[in-house]
Structures are given as C-alpha cells and as structure tokens.
Amino acid sequence: MRLPRLLLAAATLTALTACSGGGGGGVDGTPGAAGLRDPYFPKAGNGGYDVGHYDLTLAYDPDAEHLTGTATITARATQDLSAFNLDLKGLDVENVTVEGREARFNRAGQELTVRPPDELDDGETFRVRVRYSGEPETITDADDSEEGWLPTDDGAVGLGEPVGSMAWFPGNHHPSDKATYDLAVTVPEEYGVVSNGELTDESTSGGRTTFRWHTAEPMASYLATVAVGDWKVSRSATGDGLPVYTAVDPEQEAASRPVLAQLPAIMKWEQDTFGPYPFSSTGAIVDRRGDAGYALETQHRPYFPGAPDTGTLVHELAHQWYGDSVTPKSWRDMWLNEGFATYAEWLWSEDHGGDSAQEIFDALYDGDYFDDAAANEAVWAFPPGKPPDAAHISDSPVYQRGAMVLHRVRRTVGDDAFRALLRDWAAAHRHGNADTDDFTAFVEESAPEKDFTEIWEDWLFGDGKPERP
Ligand code: TRP
Ligand code: ZN
C-alpha cells in the first residue's frame, strides 16, 4: 500500500519539474527525496536538506478546534535542489514562499512538495515559509495509539511520537534531523500554553494571550509539544539552579503534588548516574486524562496524561538523556530509548531500597513480572533490535527486553564500568543521533577484553527466549 503512493508522489513531482520552464537558477538540481527510507516509516522525513530552525507562529481556538499557522523553516540544502518536500498531514496550505518569493506547491498524502522559483544550490541556507490552517488531525497509529493533535476537555495537546508532529506543523519529520525552535502560540486569554524549552514572553491584548517558547538545544520533531489548557503553573529550581517549570491540570493537582515534589531529587540522582543534564530547564506537563493513554518524553518537560507514579517520572526524565539528547537514527533503534529509560527505573529502584535490577531481570525471565501469562510471554515475541513492523515499536520486547540487554552488558563489564558506560554513551552522542551499531561498537570498545557475542546474537537480535544466563 505504501509503494503505489510513493510512486504517485514521484510522478507528481516529475510532472511539476517537467512543465516548469526556466526557473532562473541552475538547471542541474534534482528533487529531494520524499522520504528518508526509515525501515518502519519510509515516507517520514525528506531528503536534500537539513533543518536548522523552526519558527512557528500558531493561533488556536479550542472551541472551534481551529489552528492557524505560519511555519518559517531555516534549512541548508544538501544537494542542488529543483524541489523538496515537507511532511504535513491534513490542514490547508494557503501559500508557500522560499527566500521570500512565492513558490509553487503540490500535496499528495503527507507530502507537501515545494518548487522554489530559483533552484537551491548544495550548501545554500534558505528559508521556506508555509501558511496553513484547519482542524488538526488525531492520528491513529498501527498499534492503535493516538498521537498528532489531541483535543482535551479544556484545550488540546500536540504529541508527536512517532509521526504525529506533521499534524500540527510542516517539517522534516524524522528523528535524524534535529533543530532548534521558536514557538509563539496565541489562544483566548482564559487558556494557557506550555511547550518545550523556556517561556520567553507572555502578553495579552484584545482578549487573547500569546505565549512565546524557545528551545535552544537541538530537538527531534517528535519531541515537540504544545499543550493548551487551564494550567496551574509552578516555577522553581533544582538544588544546582536548573529552572523547573511544571504545568498541572487543576483536576490532577492534588494527586500530582507528592510525585512532582520528588522531581528535584530524581534529577539529582539522574545527573549523578547519567552525567550532566543536556538541557537548559526541566519540568513536567500533567494533563487531565484525555485520549493519550501514555506519557511522552517531550523535550525538557515530559507530558503525562494524569498524575504519574514515581517510576514513570523517572522513566520520562531519563529519556531526556536517552532519546531526547541521544536520539535514534531511525525508528528501528527505539530500544535505545525505551531499554535505557526502563533500565533507569530498575536502577532507581535498586538505589532506593526497592527491587534490584537483577531481581527485576529474574522476574521477567521467570515469567512472573506482569500479572498475566500472555504479557509475560510477550516479552519474548521478537528481539529488541529488530521489531517486526511499525505496529510493534512500543511493545514490551523493546522496553523490558531492551532493559535486559543492558543488564546483560552490566553483568559482563561489572557495575562500575557499566555506570561509566551509561555516562560515556550520553556524553559521546550528546545532542546527536545514534543507532544500534553505534551502541554495540561503543560497548565493545569500552571493554575490548570481554566477549559480547552472545548478548548481541541472542538477547539483542535473536528470535525467541535466550538461554538462562
Ligand atoms: N515513548 C513513550 C514512553 O515510553 C510511550 C509511548 C509513546 C507509547 N507512544 C506510545 C507507548 C504508543 C505505547 C504506544 O515514554
Ligand atoms: Zn519511554
């Protein structure tokens, strides 16, 4: 089903190119690819350019569920380009300019093809501006989870893992292209808006308030969020002066208070365990229960659909190192996010008088970790390094068995070397991208005298349940 649509997009692009006449620029540019060949989401992202910055100006009317947006994207061409694509799902595009000049555009599925009046040269930095509006879509994924734009009882939230951010802004929606962000969102004055990074301005006029948020560190688009609602905001700082900004739905306030009170202590333990925190602020967004049945590690400030428990807060904050700062190169590397964040929960438990990681590992191996037998069996459904398809990238083999891979590495290198490895891995790829091969090579280089063959072959890539270690 994917292939015919890709072919269709390619055909449209060729037609656009063919009938275009002289563009004024070079004549040797070719269209950028319509996807980055992600093994699970082949149409996600686009070839031929690299985004440096997103400047998003949005207005949202929660009653009408209507969004109006202007996205100004600064990017650098990585080839001579006659045309390039952005990903955008739903919404109406009013116009597109490139370097301030009107550009022709075409839409096919999630692909917005832009043909600039002048070709872009390899290495050239350019600005593309897209004006758009409409009712943003809620996307149902292959695993039935909902993402994209999710209206709530008192507003809405944008959640983008794995491909939902294209429901609320056009972009290069693949984790391999990280960028900085400025986001200005205007809402009726009775609403608040929380996002990633730092709130730089808030101003009300004519019954509407504009919130300006700035993200200075590179961010994958799936980690961008905007949460519109009635927020109880609290600002503080951790012991070492890192700003903490939490936004909590009033209905969830009482339940959230005790767990959010632990945030500074969790941040301290995570910095001791994972190394320097990669971002300029921290916090949390605790929404009232809506359509999202899951928490998400939105950068700086994880999103929770209701008051989290301590383990979930530990998990989402650990993602700031593993996932948000060290981001997967493709969705196949999801276990590098979830295996690490799950192992963070185990280590937290071990360091705070709960079950040790070994005890949790044993319970999983023995099939008495989850309440029901089917869930215990499902841990062995596929290897963490190779989920069968897009419908399974958030299943327990990626989370629990991914954490078991890390525990096997720990047992092989020893506790101290493993803790150093956690920190060194986060430092080596800070604000970058990494894949599973990078990880296995990194582990092998860190302990050349050890043999990891069985861990990689049986635990990371092998089908079925490995032999008891
Ligand atoms: N990545 C999120 C976390 O572990 C959870 C998540 C996001 C999820 N989307 C999902 C879980 C879809 C199941 C299905 O922190
Ligand atoms: Zn996670």
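Residues numbered from 1 in each chain as written. Chains lettered and ligands numbered in written order. Predicted model: local features only at pLDDT ≥ 70, side-chain atom pairs only at ≥ 80, totals over all residues. Heavy atoms only, no water.

(A) Up close: the coordination of the zinc ion (ligand 2). The protein atoms that coordinate the zinc ion (ligand 2) are His-315 (NE2), His-319 (NE2) and Glu-338 (OE), at distances spanning 1.9 to 2.0 Å. In the primary structure, the donors to the zinc ion (ligand 2) are separated according to the pattern H-x3-H-x18-E. Here Glu-338 lies in helix α5 (residues 334-351) and His-319 lies in the loop between α4 (310-318) and β22 (326-328), a separation of 19 residues in the sequence. (Donors = N, O, S within 2.8 Å, 3.2 Å for Na, K, Ca; no water. Helix = DSSP H or I, 4+ residues; strand = E, 2+ residues; numbered from the N terminus.)

(B) The arrangement of the pairing of strand β13 (residues 179-188) in detail. Of all 10 residues in β13, seven are buried, a share of seventy percent or more. Of the pairings in the sheet, the one linking β13 to strand β16 (residues 208-219) comprises nine bridges and is antiparallel in character. For Val-187, the partnering residue across the bridge sits in β16 and is Thr-209. (Buried < 20%, exposed > 50% of the residue type's maximum accessible area, 1.4 Å probe, protein only. Pairing = 2+ DSSP bridges.)

(C) Focus on the pattern of salt bridges. Enumeration over the complete set of coordinates arrives at 16 salt bridges. Of the charged contacts in the structure, one is a salt bridge between Arg-468 and Asp-366, with a shortest N-O distance of 2.9 Å. Taken together, the residues Arg-468 in the segment after α11 (453-460) and Asp-366 in helix α6 (residues 357-366) connect sequence positions 102 residues apart. For Asp-366, a relative accessible area of 42% puts it in the partly exposed group. Note that Arg-411 is salt-bridged to Asp-415, the shortest N-O span being 3.6 Å. For Asp-415, a relative accessible area of 37% corresponds to the partly exposed category. Linked by salt bridges that have partners in common, Asp-154, Asp-249, Glu-251 and Arg-288 make up one network. (Salt bridge = Lys/Arg side-chain N within 4 Å of Asp/Glu carboxyl O.)

(D) Broad picture of the sheet that holds strand β10 (residues 138-140). The five strands lie next to each other as β10-β11-β12-β17-β14, forming an open sheet whose pairing is antiparallel. Looking along the sheet, the strands with just one partner apiece sit at the ends: β10 and β14 (192-195). Averaged over all neighbouring strand pairs, the angle between strand axes comes to 20°, with direction disregarded. With three bridges connecting them, strand β12 (residues 155-159) and strand β17 (residues 226-229) associate as antiparallel partners. Among the inter-strand pairings, Gly-158 is bridged to a residue of β17, identified as Val-226. (Axes fitted to C-alpha atoms, helices over the stretch in contact; angles between N-to-C directions.)

(E) Highlighting a negative patch on the surface. A grouping of Asp-61, Asp-63, Glu-189 and Glu-190 is seen on the molecular surface, where their side chains present a negatively charged patch. Looking at where Glu-190 falls in the secondary structure, it is placed in the loop between β13 and β14. The exposure class of Glu-190 is exposed, given its relative accessible area of 57%. (Patch = residues over 30% accessible without salt bridge, like charges linked within 9 Å, V, L, I, M, F, W, Y side chains within 5 Å. Areas by Shrake-Rupley, 256 points an atom, 1.4 Å probe, with all protein chains shown as cover. Lys, Arg positive; Asp, Glu negative; His and termini not counted. Charge placed at Lys NZ, Arg CZ, Asp CG, Glu CD.)

(F) Geometry of the domain arrangement of the protein. Under the domain assignment, the protein is made up of domain 1 (30-318) and domain 2 (334-460). For domain 1 and domain 2, the distance between their C-alpha centres works out to 28 Å. The partner domain 2 presents 28 residues to the 30 residues of domain 1 that form the contact. When the two sides are added together, the surface that domain 1 and domain 2 hide from each other amounts to roughly 2,100 Å², 60% of it contributed by carbon and sulfur. (Domains from an automatic or database assignment. Contact = heavy atoms within 4.5 Å. Buried area = accessible area lost by both parts, 1.4 Å probe.)

(G) Looking closely at the site of ligand 1. Inspection of the region around ligand 1 gives 13 residues, with Glu-161, Glu-297, Glu-316, Glu-338 and Tyr-399 positioned closest. Contacts to ligand 1 include Glu-316, whose side-chain N or O atom sits 2.6 Å from an oxygen atom. In isolation ligand 1 exposes 360 Å². Once the protein is present, 86% of that is buried. Of the residues in the shell around ligand 1, the class split is four nonpolar, four polar and five charged. Residues lining the shell around ligand 1 come from more than one domain, with at least three contributed by each of domain 1 (30-318) and domain 2 (334-460). (Near = heavy atom within 4 Å. Polar contact = N/O pair within 3.5 Å; in protein donor to acceptor, adjacent residues only side chain to side chain. Nonpolar A, V, L, I, M, F, W, Y, C, P; charged D, E, K, R; others polar.)

(H) Spotlight on α5. The terminal C-alpha atoms of α5, which comprises 18 residues, lie 26 Å apart, in line with the 26 Å expected from a rise of 1.5 Å per residue. By the criterion of burial, α5 is predominantly enclosed, with 15 of the 18 residues buried. Gly-353 sits one or two positions beyond α5 and adopts a positive phi of about 80°. (Expected span 1.5 Å × (residues − 1).)

(I) Quick look at the environment of Pro-243. Along the chain, Pro-243 turns up in strand β19 (residues 243-248). Exposure remark for Pro-243: the relative accessible area of 39% places this residue in the partly exposed category. In sequence terms Pro-243 and His-392 are 149 residues apart; their C-alpha atoms lie 36 Å from each other. Contact partners of Pro-243, with chain neighbours within four places excluded, come to Ser-236, Ala-237, Ser-280, Ser-281 and Thr-282.

(J) Layout of the pairing of strand β5 (residues 92-98). Judged by how many residues are buried, β5 sits mostly within the fold: five of seven residues are covered. Where β5 and strand β9 (residues 125-134) come together, six bridges link them in antiparallel fashion. Its bridge partner being in β9, Val-96 is matched across the sheet by Val-130. Sheet analysis places β5 next to strand β6 (residues 101-102), joined by two bridges and oriented antiparallel. Residue pairing for β6: Thr-97 is matched across the bridge by Glu-102. Connecting β5 to the antiparallel partner β6 that follows it, the hairpin turn spans two residues, and Glu-99 within it adopts a positive phi of roughly 55°.

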